[in-house]
Amino acid sequence: MDNIYRPYLMRVTAIKDETPDVRTLRLEFQDEAVRQSFRFRTGQFGEYSVFGAGECVFCISSPETCTDYIECSFKLMGKVTTALRQVEVGDTIGFRGPYGNWFPLDELQGKNMVFAGGGIGMAPIRSVFQTCLDRREEFGDLLLINGARSVADLVYKAEMEEWAKREDVTVVKTVDPGGEDESWDGKVGFVPTVVEELAPSPENAVAITCGPPIMIKFMLPVLDRLGFQPEQIITTLENKMKCGLGKCGRCNIGGVYVCKDGPVFTAAQLAQLPADF
Ligand SMILES: Cc1cc2nc3c(=O)[nH]c(=O)nc-3n(C[C@H](O)[C@H](O)[C@H](O)COP(=O)(O)OP(=O)(O)OC[C@H]3O[C@@H](n4cnc5c(N)ncnc54)[C@H](O)[C@@H]3O)c2cc1C
Ligand code: FES
């Protein structure tokens, strides 16, 4: 039997600095047969390894509709992300996955979709939003809100500009109060405040939100006030993980393994979990 921990070898084919501490890597499978057969669903994650340094978990930030390569966007945090910052185009890193569940887009056909991301929480939002763009006719209105602490910290700036040119989506960018500069032409306000101001209708709608815990903490009551039911709110958790496969017990909340049962949950499902997650 194959070793389930053996990573695929991936060539780094492009590197893009999104912010001073967030970088996007484009990765191509070195094994052509794997490249052709590999598929994932938006919301799934992988374990990315720098040989000699270790592994860490990132979502796949490219859309599931893209089959030539995958991308991840990572924020500089500690040991492995520091090592990952050293890799260059042409280098080889490891990838195992895809793991976990995904955003249930097939069940959301015809819905109006609200996407709200904060900071590096935009990485999974980018994947699901871009997937919806590529499957545009299957969904109703698409509203995207991307927030960051400051203008310099806003990820995917160039893509946001391209998306904003489309007439069939609404794209809003915002920075926290004090994070704006003289060139800023977006909103100033925390992501939940901006969502409340825009007041998307909950009718036939779903909100997908991802960001730091403090943002989610304020987002849930805002969506509640707007009339979104817990079943209409979807988020993705970033509990610490090791194996990614339901083997090590690092990520579990009670009997729920975030790496296998998640990381995508509705607010209704989260409400059933023990309070300390
Ligand atoms: C399902 C899932 C998806 C994720 N997707 C992304 C993504 O797309 N992009 C991204 O940048 N990060 C993502 N993360 C978080 C990422 O896994 C950690 O930031 C990364 O493992 C840090 O590795 P490191 O070795 O550099 O840091 P370490 O040396 O391990 O730790 C440095 C610091 O980071 C903190 N840290 C470590 N792991 C996490 C974590 N899971 N959540 C919060 N803080 C952590 C540690 O407490 C410590 O303070 C995701 C995590 C999960 C579980
Ligand atoms: S990360 Fe090992 S069980 Fe979830």
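Residues numbered from 1 in each chain as written. Chains lettered and ligands numbered in written order. Predicted model: local features only at pLDDT ≥ 70, side-chain atom pairs only at ≥ 80, totals over all residues. Heavy atoms only, no water.

*Asks:* Explain the overall build of the chain here, please?
*Replies:* Along the chain, the regular secondary structure elements total eight helices and 15 strands. For 277 residues, the compact-globule formula gives about 19 Å, and the C-alpha radius of gyration of the chain, at 18 Å, lands near that figure. A principal-axis box enclosing the C-alpha atoms of the chain has dimensions of 50 × 45 × 35 Å. Split into buried and exposed, the 277 residues of the chain put 52% on the buried side. Pairs at least 24 apart in sequence give 68% of the contacts found in the chain among residues at least 6 apart. Total accessible area on the chain is roughly 13,100 Å²; 50% of this is exposed by carbon and sulfur atoms. Averaging the coordinates of the 29 positive side-chain charges in the chain and doing the same for the 39 negative ones gives two points 6 Å apart. (Helix = DSSP H or I, 4+ residues; strand = E, 2+ residues; numbered from the N terminus. Rg over C-alpha atoms; globule rule 2.2 N^0.38 Å. Buried < 20%, exposed > 50% of the residue type's maximum accessible area, 1.4 Å probe, protein only. Contact = heavy atoms within 4.5 Å. Areas by Shrake-Rupley, 256 points an atom, 1.4 Å probe, with all protein chains shown as cover. Lys, Arg positive; Asp, Glu negative; His and termini not counted. Charge placed at Lys NZ, Arg CZ, Asp CG, Glu CD.)

*Asks:* Sorry, what's going on with the nonpolar core here?
*Replies:* One broad rule of soluble globular proteins: the nonpolar side chains tend to lie buried together. Judged by nonpolar contacts, the single largest core of 28 residues is most densely connected at M113, F115, F129, L142, L144 and I208. Of all the secondary-structure elements, those providing two or more residues to this core are β7 (112–118), α3 (122–134), β8 (142–148), α4 (157–164) and β11 (205–210). If you look at the next biggest cluster of nonpolar residues, it comprises 23 residues, including F38, F40, C56 and I70. (Core = buried A, V, L, I, M, F, W, Y, C linked by side-chain atoms within 4.5 Å.)

*Asks:* In this structure, what is going on with the sheet that holds strand β10 (residues 187–188)? I would like to understand it.
*Replies:* The strands that make up a sheet pair up through hydrogen bonds in the backbone, lying either parallel or antiparallel. Taken in spatial order, the seven strands make up an open sheet running β10-β9-β8-β7-β11-β12-β15, and their pairing is mixed. In this open sheet, the two edge strands, each paired with only one partner strand, are β10 and β15 (264–266). When strand β12 (residues 233–236) meets β15, the two strands line up antiparallel, connected through three bridges. Counterpart to T236 in the pairing with β15 is V264. Against the sheet, α4 contacts β8 and β9 (170–175), and its axis sits at roughly 145° relative to β9. Helix α5 (residues 191–198) contacts β7, β8, β9 and β10 of the sheet and is inclined by roughly 150° relative to β8. (Pairing = 2+ DSSP bridges. Axes fitted to C-alpha atoms, helices over the stretch in contact; angles between N-to-C directions.)

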